[in-house]
Amino acid sequence: GEDVEQSLFLSVREGDSSVINCTYTDSSSTYLYWYKQEPGAGLQLLTYIFSNMDMKQDQRLTVLLNKKDKHLSLRIADTQTGDSAIYFCAESRAGTYKYIFGTGTRLKVLA
Amino acid sequence: DTAVSQTPKYLVTQMGNDKSIKCEQNLGHDTMYWYKQDSKKFLKIMFSYNNKELIINETVPNRFSPKSPDKAHLNLHINSLELGDSAVYFCASSQVELEQFFGPGTRLTVL
């Protein structure tokens, strides 16, 4: 079955790095995503990675994919208070348009 | 300019009523989606339409009926509302699979 798990909470100090982890079960996943949801708003795509990649860097964001362990992580460097939000990982298989979202990790950044 | 808009933003209604939520996107996307986010922030896909045709229909009670009058609109009609239908409903659209744009959400409260 398809299942995407994340830890529910993460708290970091401003300026530190945050690492949000995600595990998934579908070995046929083609695309893996990270979305951010701020309070009272919809989800916003932060970044994505193809399943044949190990790493992707985009400014303060680094995505690491361990396909063997089906583990995805998002590292946010120099975390700011504006990064406080819920972060969702998601996966999909090419051509299906069906996205499976993780349980979400609530990131709290302490000043 | 709003990319994906939903109306209403808040909807409070009694059990047993019938209600509709509207979604419009001005991005020219071919694919639109409805998601349900429960009180624990779990996000689950309900329906997906591609060029006005239903392509994903998850195990959703048949009290929920999506309607796509044209590519830019995907409405959700709910009959005989139940307490468990209380949630935030998000509409989204995408042109390519790699990026979905989410609306701001409709918070439905069934009393």
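Remember, predicted model here, so these are calculated numbers, not experimental data.

1. Section: the packing of aromatic side chains
Residue and element names in this part refer to chain B. This structure, assessed with the given rule, holds 15 aromatic pairs over all chains. Look at Tyr-35 and Phe-102: their rings are 5.4 Å apart centre to centre, the planes differ by 40°, and that puts the pair in the tilted class. Residue Tyr-35 is found in strand β4 (residues 31-37), and its partner Phe-102 is found in strand β10 (residues 101-102); the two are separated by 67 residues along the sequence. Residue Tyr-35 is classed as buried on the basis of its relative accessible area of 0%. Taken together, a centroid distance of 6.4 Å and an interplanar angle of 80° make the contact between Phe-90 and Phe-102 edge-to-face.

2. Details of the pairing of strand β3 (residues 19-25) of chain B
Residue and element names in this part refer to chain B. With four bridges connecting them, strand β1 (residues 4-7) and β3 associate as antiparallel partners. The residue of β3 that forms the bridge with Ser-5 is Glu-24. Two strands pair when backbone bridges link them, and β3 and strand β8 (residues 73-78) are joined in this way by four bridges, in the antiparallel orientation. Looking across to β8, one finds that Lys-19 is bridged to Ile-78.

3. Quick notes on the state of the cysteines
Under the counting rule described, the total for this entry stands at two disulfides over all chains. There is a disulfide in this structure between A:Cys22 and A:Cys89, and the S-S distance comes to 1.9 Å. Of note, the bridge from A:Cys22 to A:Cys89 carries an S-S torsion of about 65° and is right-handed in sense. With A:Cys22 in strand β3 (residues 18-24) and A:Cys89 in strand β9 (residues 85-92), this pair connects stretches of sequence that are 67 residues apart. A residue is classified by how much of its surface remains accessible, and A:Cys22, at 2% relative accessible area, is buried. Residue classification places A:Cys89 among the buried positions, given a relative accessible area of 1%. The residue that forms a disulfide with B:Cys23 is B:Cys91, at a sulfur-sulfur distance of 1.8 Å. Note on the B:Cys23 and B:Cys91 pair: the S-S dihedral is about -75°, so by sign convention the disulfide is left-handed. One end of the pair, B:Cys23, is in strand β3; the other, B:Cys91, is in strand β9 (residues 87-94), with 68 residues separating them in the sequence.

4. Let's talk about the pattern of salt bridges
All chains considered together, the criterion is met by eight salt bridges over all chains. Across the salt bridge formed by A:Glu38 and A:Lys36, the nearest N and O atoms sit 3.2 Å from each other. Here A:Glu38 falls in the partly exposed class, since its relative accessible area comes to 35%. Residue A:Lys36 is classed as buried on the basis of its relative accessible area of 10%. With its nearest N and O atoms 3.7 Å apart, the salt bridge here joins A:Lys68 to A:Asp69. Using a relative accessible area of 48% as the deciding quantity, one classes A:Asp69 as partly exposed. In this structure, a network of salt bridges that share partners links the residues B:Arg63, B:Glu82 and B:Asp85.

Criteria and cut-off values
Residues numbered from 1 in each chain as written. Chains lettered and ligands numbered in written order. Predicted model: local features only at pLDDT ≥ 70, side-chain atom pairs only at ≥ 80, totals over all residues. Heavy atoms only, no water. Phe/Tyr/Trp six-rings, centres within 6.5 Å; stacked < 30°, edge-to-face > 60°. Helix = DSSP H or I, 4+ residues; strand = E, 2+ residues; numbered from the N terminus. Buried < 20%, exposed > 50% of the residue type's maximum accessible area, 1.4 Å probe, protein only. Pairing = 2+ DSSP bridges. Disulfide = S-S within 2.5 Å. Salt bridge = Lys/Arg side-chain N within 4 Å of Asp/Glu carboxyl O.

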